Amino acid sequence: MPAARSRDSVFHDLAHRVGADPESCSYLRAHRLRYYILLDLVGAIVAQGRGKTRILDVGPSYESEMMRRLWPDGQIDSLGFEDPRLMSPRAGERHIEFDLATTVDETDWPEAEPYDLIVLAEVIEHLYTSPAQTLRMIASLLRPGGKVIIQTPNAAAMSRRFWLLMGRNPFEPIRDDLHQAGHFREYTAAELRRLCEQAHLRVLRVELQNYFLTGSRKNRLLVKLGPAIPPTLRQGITLVAESVS
């Protein structure tokens, strides 16, 4: 896995680069711990490989740029809507412009050489079509034994349950912009497992952690308590699965 100093350095360099964009700065602060967990998992998978590791970032965000900086010898492609805030792919890399809502039609699936690793971080909750079909598409792009890392909020987190008990909807309204529409559907860890099984992906590990940093006093306490909180009540899900085909 990447050394903590390298990971921290890359993150802070990125935060400095986007410093003029308040929305991006806020997002990076809130997702710092999640990114660290993701990058450690990517590093462990890269270390197991031989030669150049081929990685596909689906629904690309700032993890694409951080992975390129941490593993300059790898190939990090992206798939989804292009984000002008992100740096362009390097020589030999590509961005595949693709609407994940169209995965319902297999004839529209993109073609590419198989990948060693696919990252689907904070994406599945934004889909308004079946995530099972999206995961089947992702499985089709993996080499045999290739891995996928999925990160998504936990629909059954403590904060969600609290607001429901208070009679308030814990989920934000759908926005007008389909490219930034918000969360259509969040999932529990058990649901995510079943979705992977439907896509013929073997689940290797599932972890639930409090890794979102809002800056509030309640949130700081939640993160500090960490392992003391039952897993089913924690904020976020990180799942690793592999292709069985």
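Our structure's up above, just so we're on the same page.
Keep in mind that what you see is a predicted model, and the values were worked out from it rather than measured.

A. Expanded view of the pattern of salt bridges. This structure, assessed with the given rule, holds 13 salt bridges. Bridged by salt links that share partners, the residues Arg17, Glu65 and Arg69 form one connected network.

B. Up close: the packing of helix H2 (residues 22–48) against helix H3 (residues 62–70). Contact geometry of H2 with H3 gives a least axis separation of 10 Å together with a crossing angle of 50°. The angle between H2 and H3 falls in the class oblique. Handedness of the crossing formed by H2 with H3: right-handed. On the side of H2, the interface is formed by Ser24, Tyr27, Leu28, Tyr35, Leu38, Leu39 and Val42, while H3 contributes Tyr62, Glu63, Met66, Met67 and Leu70.

C. Up close: the side chain of Arg68. Residue position: Arg68 is located in helix H3. Here the side chain of Arg68 touches Ile76 through a polar contact of 2.7 Å, landing on its backbone oxygen. Residues in contact with Arg68, not counting those within four places in the same chain, are Ile76, Asp77, Met87, Ser88, Pro89, Arg90 and Glu93.

D. Spatial organisation of helix H4 (residues 131–140). The element H4 is extensively covered by neighbouring structure, given that eight of its 10 residues are classed as buried. Among all positions of H4, only Pro131, Ala132, Gln133, Thr134, Leu135, Met137, Ile138 and Ala139 are buried. Packed against the buried residues of H4 are strand E2 (75–80), strand E4 (115–121), strand E5 (142–153), helix H6 (189–198), strand E6 (201–209) and strand E7 (236–243). Where H4 starts, the residue carrying a side-chain oxygen 3.2 Å from the main-chain nitrogen of Ala132 turns out to be Ser130.

The rules behind each value
Residues numbered from 1 in each chain as written. Predicted model: local features only at pLDDT ≥ 70, side-chain atom pairs only at ≥ 80, totals over all residues. Heavy atoms only, no water. Salt bridge = Lys/Arg side-chain N within 4 Å of Asp/Glu carboxyl O. Axes fitted to C-alpha atoms, helices over the stretch in contact; angles between N-to-C directions. Helix = DSSP H or I, 4+ residues; strand = E, 2+ residues; numbered from the N terminus. Parallel < 35°, antiparallel > 145°, perpendicular 65-115°, else oblique. Left-handed = near helix turned anticlockwise from the far one by under 90°. Contact = heavy atoms within 4.5 Å. Polar contact = N/O pair within 3.5 Å; in protein donor to acceptor, adjacent residues only side chain to side chain. Buried < 20%, exposed > 50% of the residue type's maximum accessible area, 1.4 Å probe, protein only.

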